[in-house]
Amino acid sequence: GLEEVLRRIMETASLNDLQEVKARYLGKQGLVTSLMKNIKEIPPEKRKEYGREVNELKNSIEEAIDNRKNELEELGRLAREGAERPDFTVPGKRRDIGSYHLITQVMEEVQDIWVSMGFEVTTGPEIETSYYNFEALNTPEWHPARDMHDTFYTCDGQLLRTHTSPVQIRVMESRKPPLAIFSPGTCYRKDTPDTTHLPMFHQFEVLLVDRGTSVSHLKGTLNHFAKRLFGADRRIRLRPSFFPFTEPSFEVDVSCGICGGQGCRSCRGSGWLEILGAGMVHPNVFRNVGYDPEIWSGFALGTGLERIAMLKYDLEDIRDLLRNDRRFLKGYRRAI
Ligand code: PHE
């Protein structure tokens, strides 16, 4: 009877289910259709009445199916929303917070020191011409650094800068002295990676040009820098050295922080750690940028950031900086 049909409809659990039930009752082979076909067997005087009843039955079924369809759709919507709604009772997950890379941290620390002394931050391109990287810096054709084995040359005759010193030239070309700049950046050399070498590394460059500067200005500035970076108890010393773009030139050492200069394993017994190269700007470099070396003098210095980071944090292998081992990086976490 109709009741049985309506119950079946109400009991459907899904839209698919409902579709099947609908076919069973209203489809071409369905109950209502076959009742309609039966009309031929009904006596003519009762056919009108019969037809009306079958129509009512059909309408009731259609209505019930429609209602159930709306119900099922609504239930589906609620279930989906329920699944999307956050459950605030679930315990929170501890999220690991990232941190700046150690090189970035040391770079910023070094930069802050120079900026606080009045040096201005300037940068230059990593792809350079041989002129800026070598010639303008008084580095002759025969200098070993210019060898194909030491420098990455690009196919269009340029090169990847081997140091940040070309920034000195670019800045001096574009300005009038006096000036005081700090130039951080990435540099490249054809080195096979080992505990102290990487083919891609970072340097910073410092250049000061003024009237009447001398080695004592350089030394006093370096002394201040080393104490700020490594600690007030540290000392520096200058050893004679050679760079084509400075004269005189020096290697600069800082006293070992572990033995206090007595000599230990960390400083290989010498009591000193080499931190940078420096010197008084060579007159030829001034001539190359159109500064008169009779009027202007200055000092320059430069070094590898990785080297400074290794000394400051007593690292054994420069390659650890690139392994992205989170246990290593987390050891030097600083709040962002
Ligand atoms: N450019 C030198 C280097 O890469 C470092 C340096 C810079 C030395 C400035 C003297 C003056 O080793």
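Residues numbered from 1 in each chain as written. Predicted model: local features only at pLDDT ≥ 70, side-chain atom pairs only at ≥ 80, totals over all residues. Heavy atoms only, no water.

Trainee: Sorry, what's going on with the packing of helix α5 (residues 102-116) against helix α8 (residues 215-230) here?
Mentor: To characterise two packed helices, one gives the angle between the axes of the helices and the distance between these axes. Where α5 meets α8, the axes come as close as 10 Å, and the angle between the chain directions of the two elements is 140°. Considering the angle they form, α5 stands oblique to α8. For the element pair α5 and α8, the recorded crossing hand is right-handed. Contacts between α5 and α8 pair Glu109, Val110, Asp112, Ile113, Trp114 and Ser116 from the former with Thr221, Phe225, Arg228 and Leu229 from the latter. (Axes fitted to C-alpha atoms, helices over the stretch in contact; angles between N-to-C directions. Helix = DSSP H or I, 4+ residues; strand = E, 2+ residues; numbered from the N terminus. Parallel < 35°, antiparallel > 145°, perpendicular 65-115°, else oblique. Left-handed = near helix turned anticlockwise from the far one by under 90°. Contact = heavy atoms within 4.5 Å.)

Trainee: Explanation requested: the site of the ligand in the structure shown.
Mentor: Lining the immediate surroundings of the ligand are 14 residues, of which His163, Ser165, Arg189, Gln203 and Gly302 lie closest. Between the ligand and His163 there is a distance of 3.0 Å, counted from a nitrogen atom to a side-chain nitrogen or oxygen. Arg189 is positioned with one of its side-chain polar atoms (N or O) 3.0 Å from an oxygen atom of the ligand. Alone, the ligand offers 330 Å² of accessible surface; in the complex the protein occludes 90% of this. For the shell around the ligand, the secondary-structure elements that each account for two or more residues are β5 (200-210), β8 (272-281) and β9 (297-304). Tallying contributions element by element places β9 first for the shell around the ligand, with three residues. Residue classes in the shell around the ligand are distributed as five nonpolar, seven polar and two charged. (Near = heavy atom within 4 Å. Polar contact = N/O pair within 3.5 Å; in protein donor to acceptor, adjacent residues only side chain to side chain. Areas by Shrake-Rupley, 256 points an atom, 1.4 Å probe, with all protein chains shown as cover. Nonpolar A, V, L, I, M, F, W, Y, C, P; charged D, E, K, R; others polar.)

Trainee: Is there a simple way to explain unusual backbone geometry in this structure?
Mentor: Across residues other than glycine, the phi torsion is negative in most instances, and most of the peptide bonds are trans. Along the chain, Pro177 connects to Pro178 via a cis peptide bond; the corresponding omega equals 0°. Mapping Pro178 onto the fold places it in the loop between α7 (166-174) and β4 (179-188). Pro248 follows Glu247 through a cis peptide bond whose omega is 0°. Relative to the assigned elements, Pro248 resides in strand β7 (residues 246-255). The residue Arg268 is not glycine, and still its phi comes out positive at about 50°. In this model, Asn324 sits at a positive phi of 55°, which is unusual for a non-glycine residue.

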